[in-house]
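What follows is the residue order along each chain.
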Amino acid sequence: MGRCGLAGTSRVLAVLALAAILGGAADRPAPLDAGHWRKAFTRPDHTPVPPDNPATQEKVSLGAKLFEDPRLSGSGDVACSTCHQADLSFSDGIDRHPGLDGQPLDRRTPPLWNLAWALSLFWDGRADSLETQAIVPIENTREMAGDLDLSLQALSADPQMRKAFASAFPENPAVTRANMAKALAAFQRTLVSPETRFDRWVKGEDAALEPDELAGLSLFVGKAACVACHKGWRFTDDAFHDIGLPGEDRGRGPILGIAAADHAFKTPSLRERVWSAPYMHDGSLAGFEDVVDHYADRVIRRPTLSADLPQRLDLSPTERTQLVAFLNTLSSNDPPRPAGLPPKVMAFGTDAEAVATSTVSQKDRRFTPTSVLLKVGEALRILNDDIRVHNVRLDGPDKSFNSDAQNPGDTVTIGFDRAGRYDVICGIHPEMRLSVTVLAPSTTEPAQNKK
Ligand code: HEC
Ligand code: HEC
């Protein structure tokens, strides 16, 4: 993938350079490299599921039942679907849902499409899997204020529910917190947004998009640089950015304990967003027009502002309309129904061949190489040769490491005194993944001799 990306970028650069040589004025849009972008936006043909919660029909239908069941809440009248409504892209159509105390919640209800691929959950990424996320709203005093044990008792008293749990979890047929979380997670992984007109274009149907929608796509991947963060078929990089919205909410910063991540929120997917207005973590922007006006005119310049936002974005009224026209092509014409994709069990980590090196780069928000081989006693140097602040983290059973804010130019060093496999991520850009294999001295000898 990385290779294709690079080849694609240089192709775009070549086209841009050619356009400049041919006297293309700066205000003439660069031609769209359709081949490159069709590849970059291609939908997957499987839904990833974790090895410890494989999807079965029984589990998914139990999860769907629980999602609509108000017995999960303390008051007995709030279900997940009270806020996450199917016809509103599993959001609720309002800026911030009133909590049980009548006051608006701190943040807007996010749509739930395509979370099977999400690397973290909530606007600030504080949960790292759908399984751990599922019980948070139930126990949240302002959302559902449930006492999980009471809910579990109520469900166990219902023979239908007992039966549904038993067929979903034949190896452990009980109404438990863990099984409830697994079923809710399995159901939410089936919420895959369906193909839209844009996907017909991706598949090669040139006429699927109108000229102004195509112009909007060119702006999205070109001058307006939206694709720096809204990338891939889900239109998100799973990273956290401050995009210069007003407000006191510090988002990712307090979660990591890093001031450089203040005001940073998870990049939302842009799929099926026509159905989920208003927008942003605080629901402060009513429509796509307001969103585009924000990026062009209203970005608050502060030290935490994302390095991935263009320094300056001049958009004419026509260009704004074109961008909005393009955003609309990522939504269905009628309230969308989930697209069934076959599940496929996938584990963390890269398949890349491990490279024997003790130095890793972070240029362009990518660990290079993505997989390294060390010997016990050696240290790994991770240098920030990027333009962004990073946060190198390693969380393992016998070792953990947190670089705090790693500014451009800073190098962090992690020593390894035990053999094993370790996964490293960036807390601000969790799509950056590095696997470290540390070999015991005895096993390194043959490997060395082979070379
Ligand atoms: C009272 C409204 C309300 C109820 C009820 C509710 N949620 Fe939410 N949900 C929210 C809000 C608000 C957020 C965002 C909170 C944040 O990011 O800090 C959220 C976030 C989420 C997310 C994270 C989505 C993302 O993009 O990261 C998931 C998943 C989710 N809820 C699932 C559920 C499930 C499952 C239930 C039922 C057990 C549920 N919710 C009940 C309002 C609600
Ligand atoms: C620096 C990364 C970045 C860039 C560049 C960027 N976005 Fe965003 N976008 C985000 C983040 C992060 C949010 C959520 C911010 C928040 O709620 O505080 C967001 C939110 C949105 C939303 C609202 C989605 C929702 O469900 O609330 C839309 C629509 C959107 N962006 C479109 C665009 C367009 C169009 C462009 C180009 C003009 C663009 N974005 C450029 C990161 C980015």
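Residues numbered from 1 in each chain as written. Chains lettered and ligands numbered in written order. Predicted model: local features only at pLDDT ≥ 70, side-chain atom pairs only at ≥ 80, totals over all residues. Heavy atoms only, no water.

**Considerations on the site of ligand 2**
For ligand 2, the set of nearby residues contains 23 residues, the closest of which are Cys-226, Cys-229, His-230, His-281 and Tyr-295. In the environment of ligand 2, an oxygen atom lies 2.7 Å from a nitrogen or oxygen atom belonging to the side chain of Arg-108. For ligand 2, an oxygen atom lies 3.0 Å from a polar atom in the side chain of Arg-273. Looking at the shell around ligand 2, its residues break down into 15 nonpolar, five polar and three charged. (Near = heavy atom within 4 Å. Polar contact = N/O pair within 3.5 Å; in protein donor to acceptor, adjacent residues only side chain to side chain. Nonpolar A, V, L, I, M, F, W, Y, C, P; charged D, E, K, R; others polar.)

**Considerations on the sheet that holds strand β5 (residues 355-356)**
In spatial order, the strands read β5-β7-β13-β12-β9-β10; together these six strands make up an open sheet with mixed pairing. Of all strands in the sheet, those with a lone pairing partner are β5 and β10 (400-402), marking the two edges. (Pairing = 2+ DSSP bridges. Helix = DSSP H or I, 4+ residues; strand = E, 2+ residues; numbered from the N terminus.)

**Details of the layout of surface pockets**
Space inside the second largest pocket adds up to approximately 850 Å³. For the lining of the second largest pocket, the per-class residue count stands at 21 nonpolar, nine polar and 11 charged. Both domains that meet at the lining of the second largest pocket, namely domain 2 (26-45 + 198-328) and domain 3 (49-189), each give it at least three residues. (1 Å grid on protein atoms, 1.4 Å probe; cavity = no way out; pocket = protein on both sides within 12 Å on 5 of 7 lines; lining within 4 Å. Points joined across faces, edges and corners; volume = space filled by probe spheres on them. Domains from an automatic or database assignment.)

**Comments concerning the site of ligand 1**
Near ligand 1 there are 26 residues, and of these Cys-80, Cys-83, His-84, Phe-122 and Lys-266 occur at the shortest range. Taking His-84, its side chain carries an N or O atom lying 2.9 Å from a nitrogen atom of ligand 1. Separating a nitrogen atom of ligand 1 from a side-chain N or O atom of Gln-133 is a distance of 3.4 Å. Among the cavities detected, the one that contains ligand 1 is the second largest pocket. (Sits in = over half its atoms within 2 Å of the grid points.)

**Description of the packing of aromatic side chains**
For the coordinates displayed, the defined rule picks out 16 aromatic pairs. Between Trp-117 and Trp-233 the ring centres are 4.9 Å apart and the planes differ by 80°, which places this aromatic pair in the edge-to-face class. Residue Trp-117 is located in the loop between α4 (80-83) and α5 (130-133), and its partner Trp-233 is located in the loop between α11 (211-221) and β2 (240-241); the two are separated by 116 residues in the primary sequence. With respect to burial, Trp-117 and Trp-233 carry one shared label: buried. Among the aromatic residues, those joined into a cluster by ring pairs are Trp-37, Phe-41, Phe-198, Trp-201, Phe-220, Phe-235 and Phe-326. Seen from the ring of Phe-240, Arg-252 lies directly overhead, with NZ or CZ sitting 4.2 Å from the centre. (Phe/Tyr/Trp six-rings, centres within 6.5 Å; stacked < 30°, edge-to-face > 60°. Buried < 20%, exposed > 50% of the residue type's maximum accessible area, 1.4 Å probe, protein only. Lys NZ or Arg CZ within 6 Å of the ring centre and 35° of its normal.)

**Overview of the coordination of the iron atom of ligand 1**
Of all protein atoms, His-84 (NE2) alone acts as a donor to the iron atom of ligand 1, lying 2.1 Å away. If you trace the backbone, His-84 turns up in the loop between α4 and α5. (Donors = N, O, S within 2.8 Å, 3.2 Å for Na, K, Ca; no water.)

**What about the coordination of the iron atom of ligand 2?**
The protein atoms that coordinate the iron atom of ligand 2 are His-230 (NE2) and Tyr-295 (OH), at distances spanning 1.9 to 2.1 Å. Note that the iron atom of ligand 2 binds six donor atoms; their angles at the metal cover 85 to 180°, and the shape is octahedral. With His-230 in the loop between α11 and β2 and Tyr-295 in helix α13 (residues 288-298), this pair connects stretches of sequence that are 65 residues apart. Taking the relative accessible area as the measure of exposure, His-230 reaches 9% and is therefore buried. (Tetrahedral: all angles 85-135°; square planar, octahedral: opposite > 155°, others 65-115°.)

**Description of the UniProt feature "domain: Cytochrome c" (unreviewed entry) in the protein**
With numbering matched to this structure, UniProt assigns "domain: Cytochrome c" (unreviewed entry) to residues 211-331. The span residues 211-331 is 32% helix and 3% strand, and its two end C-alpha atoms sit 18 Å from each other. (UniProt positions renumbered as here; feature names shortened; annotations may be inferred.)

**Considerations on α13**
Phe-288, Val-291, Val-292, His-294 and Ala-296 are the residues of α13 that are buried. Turning to α13, the residues buried within the fold contact α14 (317-328). (Contact = heavy atoms within 4.5 Å.)

**A few points about empty space enclosed by the protein**
Evaluated as defined, the whole model comprises one cavity of 30 Å³ or more. Within this model, the largest cavity holds a volume of roughly 40 Å³. Contributing to the lining of the largest cavity are Tyr-295, Val-299, Arg-301, Leu-309, Pro-310 and Leu-313.

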